[in-house]
Amino acid sequence: MRFWIANLLLLPLCAWALVEVFSVSSTKAAMGIATWLIAAVILHDLVLLPLYSAGDRAARLAVGSAINYVRVPAALSLLMLLVFWGTIAGRGEGAYHAVSGRSFEGYALRWLLVTGLLFAASGCVYLARRGPARRRRRGR
């Protein structure tokens, strides 16, 4: 309960810091920042957190002790998707092509390949670490 109280008390401080950092002079823009911040907190804490917590519990039940070998590549893959979403979705391709003469073609495929490689590497590490432990148990 104290965590929620601390969040609620620090929310105005965060809104003020954002207004100061972005040098917002109009009240309408400041209210927009505060609204965005409150909506982001509500969306994350009340909607997304329970969803990905339930997903993690389900994955833990399905995978068992190897859960971190799934979590790490999944987290890295989602981080790459978040960072490169504009490029993967093809937004801004006109400006990019005008400046560089290249296109965004193939970014989604490359992201999928990197994701597959991350999961494959994680699987190899899991098998490599699991192998010697099984041999030691059989030797006893």
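This is a predicted model, so every value here is computed, not measured. (Residues numbered from 1 in each chain as written. Predicted model: local features only at pLDDT ≥ 70, side-chain atom pairs only at ≥ 80, totals over all residues. Heavy atoms only, no water.)

K.L.:
What's the story with the confidence of the model for the protein in this structure? I'm lost.
P.N.:
Detailed conclusions should not be drawn from predicted coordinates in areas where pLDDT is low. Residues at a pLDDT of 70 or more form 93% of the protein, whose mean pLDDT is 85. The secondary structure element of the protein with the lowest average pLDDT is helix α1 (residues 2-21), at 79, and the one with the highest is helix α3 (residues 68-83), at 94. (pLDDT = per-residue confidence, 0-100. Helix = DSSP H or I, 4+ residues; strand = E, 2+ residues; numbered from the N terminus.)

K.L.:
Mind showing me how you'd approach the side chain of Thr 115 here?
P.N.:
Among the structural elements, Thr 115 can be located in helix α6 (residues 107-139). What makes Thr 115 buried here is its relative accessible area of 13%. A distance of 2.9 Å separates a polar side-chain atom of Thr 115 from the backbone oxygen of Trp 111. Apart from the residues lying within four places of it in its own chain, the contact partners of Thr 115 are Ser 77 and Met 80. (Buried < 20%, exposed > 50% of the residue type's maximum accessible area, 1.4 Å probe, protein only. Polar contact = N/O pair within 3.5 Å; in protein donor to acceptor, adjacent residues only side chain to side chain. Contact = heavy atoms within 4.5 Å.)

K.L.:
How do you make sense of a nonpolar patch on the surface when you look at a structure like this?
P.N.:
Residues Phe 3, Trp 4, Ile 38, Ile 42, Leu 43, Leu 46, Val 47, Leu 48, Leu 49, Leu 51 and Tyr 52 make up a contiguous nonpolar surface patch of roughly 1100 Å² in combined accessible area. No other element matches helix α2 (residues 27-63), which puts 9 residues into the nonpolar patch. Position of Ile 38 relative to the elements: it lies in helix α2. (Patch = residues over 30% accessible without salt bridge, like charges linked within 9 Å, V, L, I, M, F, W, Y side chains within 5 Å. Areas by Shrake-Rupley, 256 points an atom, 1.4 Å probe, with all protein chains shown as cover. Salt bridge = Lys/Arg side-chain N within 4 Å of Asp/Glu carboxyl O.)

K.L.:
How do you make sense of the packing of α1 against α2 when you look at a structure like this?
P.N.:
Describing two packed helices takes the angle between their axes plus the distance from one axis to the other. With their axes 9 Å apart at the nearest point, α1 and α2 run at an angle of 145° to one another. The hand of the α1/α2 crossing is right-handed. Here Trp 4, Asn 7, Leu 11, Cys 14, Ala 15, Leu 18 and Val 19 of α1 lie close against α2, whose contacting residues are Ala 30, Ile 33, Ala 34, Trp 36, Leu 37, Ile 38, Val 41, Asp 45 and Leu 46. When grouped by side-chain class, the residues that make up the contact of α1 with α2 number 14 nonpolar, 1 polar and 1 charged. (Axes fitted to C-alpha atoms, helices over the stretch in contact; angles between N-to-C directions. Left-handed = near helix turned anticlockwise from the far one by under 90°. Nonpolar A, V, L, I, M, F, W, Y, C, P; charged D, E, K, R; others polar.)

K.L.:
Would you explain the environment of Gly 55 in this entry?
P.N.:
Relative to the elements of secondary structure, Gly 55 occurs in helix α2. Looking at Gly 55, the relative accessible area reads 40%, which means it is partly exposed.

K.L.:
In this structure, what is going on with the pattern of salt bridges? I would like to understand it.
P.N.:
Close approach of charged atoms allows side chains with opposite charge to pair. In total, this model carries 2 salt bridges according to the counting rule given. Between Asp 56 and Arg 60 there is a salt bridge, and its shortest N-O distance comes to 3.0 Å. Pair noted here: Asp 56 and Arg 60 are both in helix α2, with a separation of 4 residues, about one helical turn. For Asp 56, a relative accessible area of 22% translates into the label partly exposed.

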